Structure formats: structure tokens, C-alpha cells
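For reference, the chains in residue letters:
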Amino acid sequence: MKYTTLPHTDIKVSKICLGTMTFGNQNTQEEGFKQMDYALDQGVNFFDTAEMYPVPAQKETYAETERIIGKWLKQSGKRSDIVLGSKIAGPGDYTAHIRTNGFAPKAIEDAIDQSLKRLQTDYLDLFQLHWPERQSNFFGTRDYKHNPDDPWTDNFNEVLESLDKAIKAGKIRNIGISNEKAWGAMRYIEESKYNNRPRMVTIQNAYSLINRGFESDLAEIAMREGLGLLAYSPMAFGVLSGKYVEGLAGDDARLNLFPRFSRYSSVNCTKATTQYLKIAADNGLSLAQMSLAFVTQQPFVTSNIIGASKMEQLKENIDSIHVHLSDEIIAEINKVHEDIPNPAT
């Protein structure tokens, strides 16, 4: 395994992070336990979860992922070996079954306390805001369109104050953002710089061969401000395994189970994936490992969040840490990106 540190901290994290959003839906508790055991044995010490997991978010399965992780932590006694991150759900109809008061002080306090209880731990190493409260173009919306009737008012300082209280109480060690845009990222950084508030150290956004939108503006912020990307969906919901292009996806494949997640299924996504599949084959690589190695190698990536519903997928994904893409392969990848830029954003 390869390691780095969470920016602005001395916390060592593996360059591969175990994503857990399938635990409690696509994966049983037993399967989740096996994934965590295997990942830790392979040197993966960074686990990512969220209060709304498993995905898709439903009232019936709310927070089951955290409960499964909590049971594993208690049974294994491995809490001190794990860097553990979770998230508070943002507002919206999708998460109205969780709460309806956004990132109000009471909401943040409640989210942290409930996550700690479910995870059976006294602290979180990283606590993240899952998506912004304000209306913006996140979750695959390509362009920003301003809504003058958005009821949100600027509360960046208040949010950081609430998080600061949790840090001082020893409940969380560090904070991060997720599904955030450049303006929001810089507002948090400004508040921390000029108002003595805790600093956002990571940003968890989608990033993959077919979704490189992070490079347009956030990559510069990441490099200049030390805001580490925790890249999620590096396999584009399994599309970058090539199984959909090659007609090998079974009925239990994620996009067959949840067809509404169509962000990675456009004509251009398929076209780009087909070309990436050829590059991988020509260089003796699986598309999955080439896709993951590309993400892991980026200088602004702190950790690459991989997830799998099957153990063989997990093994291949973790093994990608041993793959290094040459300048020649990167050039071939960039040529496809020039011809079909960001089809999934």
C-alpha cells in the first residue's frame, strides 16, 4: 500500500480508501465484515461512510452502513488502526427522512452524536458536509444557474463554529466538504483563515476518466490551498470496468439495480469508455486498474475511494495501487479526454 497524510495534519492515510455505501443494501453485514477485514489486511487504513448510507438513501435502510461498521469495529477491536470518516447529509427531498434543518448547529451536533453512537466510537477522524445547503450545480449538473429565490443565507462561519465546538469536545478531529464547488470551497477557506475557524482539509467529489470536471477550477484550489481530493466514483458506478460496454453486467450490477443513476450512461460516456478500454487492452491492463491508477496518480488526490459489491472486484481495485501509468499511456488518455471531454458532468 502507499500512504500520504490528510492535508494540514499528521494523520497517515492509505492512497486507497474503502468506500462502504453498499453495506446494508447490495452487501450484507457478513460481506461488509469480509470487505473490511480484507482491506485492512492489504494496508487500507482509511474507511469512508455517511449517515445516509447505504445508497440509494431510504428511510427503511437509513444509517445501516454505519451500524455495520460499528459492529465490526467493536468485534474486531481495530478502531485505533482505522482512519474513519463520515458525513452529515445535506438538505433536500432525498434526505427529508433524516432531518429538515440542514446544517443548523443542532443538526450538526445531532448528526455527529448519532454517527458516533452507531459507529460505536468516541471520535471521528474526519467529519464532512455531504453536499451544500445552497442551490448549486453539484451531483452532475453541468452549469450553474442562479436562483434569486433560493432561501439559503450565508452561514459558512456559523457552520464552522458548530464544527469547532465538536472538535474542541473531542468528537471529531478534522473536517471536510463534499460535492462542493469552487466558490463554496474558497468561502470555507476564507472563513478559516480570517476568523480563526477550523480548516477544511479535504473535499470529496466525483472524479474519474469520464468525469474530470474537478480539474477545471477545484484542482488549482486543491494544490494552492492544500485541500485534498477524496475521489469518489473513480469507476463511474462500474462503467469503467468495461462490463456494460462488453455486455457482461449482470442483473445485480449497480446501474441495472438502480437505473436512475444514469450520469455515466450517456452515448458519449459509452464512446469514451470504449476508447479507454482499447488503451487498457493495448497496454496489458484491465480497464478497472487503468481507471483507478489514473485517479490515484493525480497530485491533488489524497485518497481514491473504491467500493465493490463483490470480493473479486475489491481485490482488483485494491491491487490497482501497484499499477503506475507511463507518460505514454497518460498521453493516450488525454487524447480521448480532448476529443470527448467530461461526458459524465
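Structure first, text after, so check above.
Residues numbered from 1 in each chain as written. Predicted model: local features only at pLDDT ≥ 70, side-chain atom pairs only at ≥ 80, totals over all residues. Heavy atoms only, no water.

Asker: Run through the side chain of Ser 208, naming residues and quoting values.
Answerer: You can see Ser 208 is positioned in the loop between β8 (200-204) and α6 (218-225). Non-local contacts of Ser 208, meaning those with residues more than four positions away in its chain, are made with Ser 233, Pro 234, Ala 236, Leu 240 and Val 295. (Helix = DSSP H or I, 4+ residues; strand = E, 2+ residues; numbered from the N terminus. Contact = heavy atoms within 4.5 Å.)

Asker: Mind laying out the nonpolar core, listing which residues take part and the relevant values?
Answerer: For soluble globular proteins, the rule of thumb is that nonpolar side chains tend to be buried together. In this structure, Ile 210, Tyr 276 and Met 290 are the most contacted members of the largest nonpolar core, which totals 97 residues. Looking at this core element by element, the count peaks at seven residues for helix α9 (residues 287-297). Within the second largest apolar cluster, eleven residues are counted, among which are Ala 57, Tyr 62, Ala 89 and Ile 98. (Core = buried A, V, L, I, M, F, W, Y, C linked by side-chain atoms within 4.5 Å. Buried < 20%, exposed > 50% of the residue type's maximum accessible area, 1.4 Å probe, protein only.)

Asker: An account of the packing of aromatic side chains is needed here, citing residue identities and associated values.
Answerer: Using the criterion set out here, one finds eleven aromatic pairs in the structure. Geometrically, the ring pair formed by Trp 152 and Phe 156 is edge-to-face, given 5.7 Å between the ring centres and 80 degrees between the ring planes. On the basis of relative accessibility, which here comes to 2%, the residue Phe 156 falls in the buried class. By way of ring pairs, the aromatic residues Trp 152, Phe 156, Trp 183 and Tyr 188 are connected into one cluster. It is Lys 12 that lies over the ring of Tyr 3; its NZ or CZ is 4.6 Å from the centre. A cation sits over an aromatic face here: Arg 79 above Tyr 123, 4.1 Å from the ring centre. (Phe/Tyr/Trp six-rings, centres within 6.5 Å; stacked < 30°, edge-to-face > 60°. Lys NZ or Arg CZ within 6 Å of the ring centre and 35° of its normal.)

Asker: Before we move on, can you summarise the environment of Trp 72 with the specific residues and values?
Answerer: Of note, Trp 72 is situated in helix α2 (residues 64-76). Distance in space between the C-alpha atoms of Trp 72 and Lys 59 is 23 Å, their sequence separation being 13 residues. Every residue in contact with Trp 72, bar those within four places of it in the chain, is listed here: Phe 33, Met 36, Asp 37, Leu 40, Phe 47, Gly 77, Lys 78 and Ile 82.

Asker: So what about the layout of surface pockets? Which residues, and what values?
Answerer: Of the volumes computed, that of the second largest pocket is approximately 380 Å³. If you trace the second largest pocket, you find 21 residues lining it, with Asn 137, Lys 181, Asn 211, Gly 213 and Thr 345 closest to the centre. Classifying every residue of the lining of the second largest pocket gives six nonpolar, ten polar and five charged. (1 Å grid on protein atoms, 1.4 Å probe; cavity = no way out; pocket = protein on both sides within 12 Å on 5 of 7 lines; lining within 4 Å. Points joined across faces, edges and corners; volume = space filled by probe spheres on them. Nonpolar A, V, L, I, M, F, W, Y, C, P; charged D, E, K, R; others polar.)

Asker: I'd like to hear about empty space enclosed by the protein, residue by residue, with values.
Answerer: Under the counting rule described, the total for this entry stands at three cavities of 30 Å³ or more. Space inside the largest cavity adds up to approximately 100 Å³. Considering the residues around the largest cavity, the lining is formed by 13 residues, among which Pro 132, Glu 133, Arg 134, Glu 180 and Tyr 188 are closest to the centre. Residues of the lining of the largest cavity, tallied by class, amount to eight nonpolar, two polar and three charged. Reported here for the second largest cavity is a volume of approximately 40 Å³. Forming the walls of the second largest cavity are Ala 89, Gly 90, Pro 91, Thr 95, Ile 98, Arg 99, Thr 100, Asn 101 and Gly 102. Split into classes, the residues belonging to the lining of the second largest cavity amount to three nonpolar, five polar and one charged.

So, to be careful, I would describe these as geometric facts and stop short of saying anything about function.
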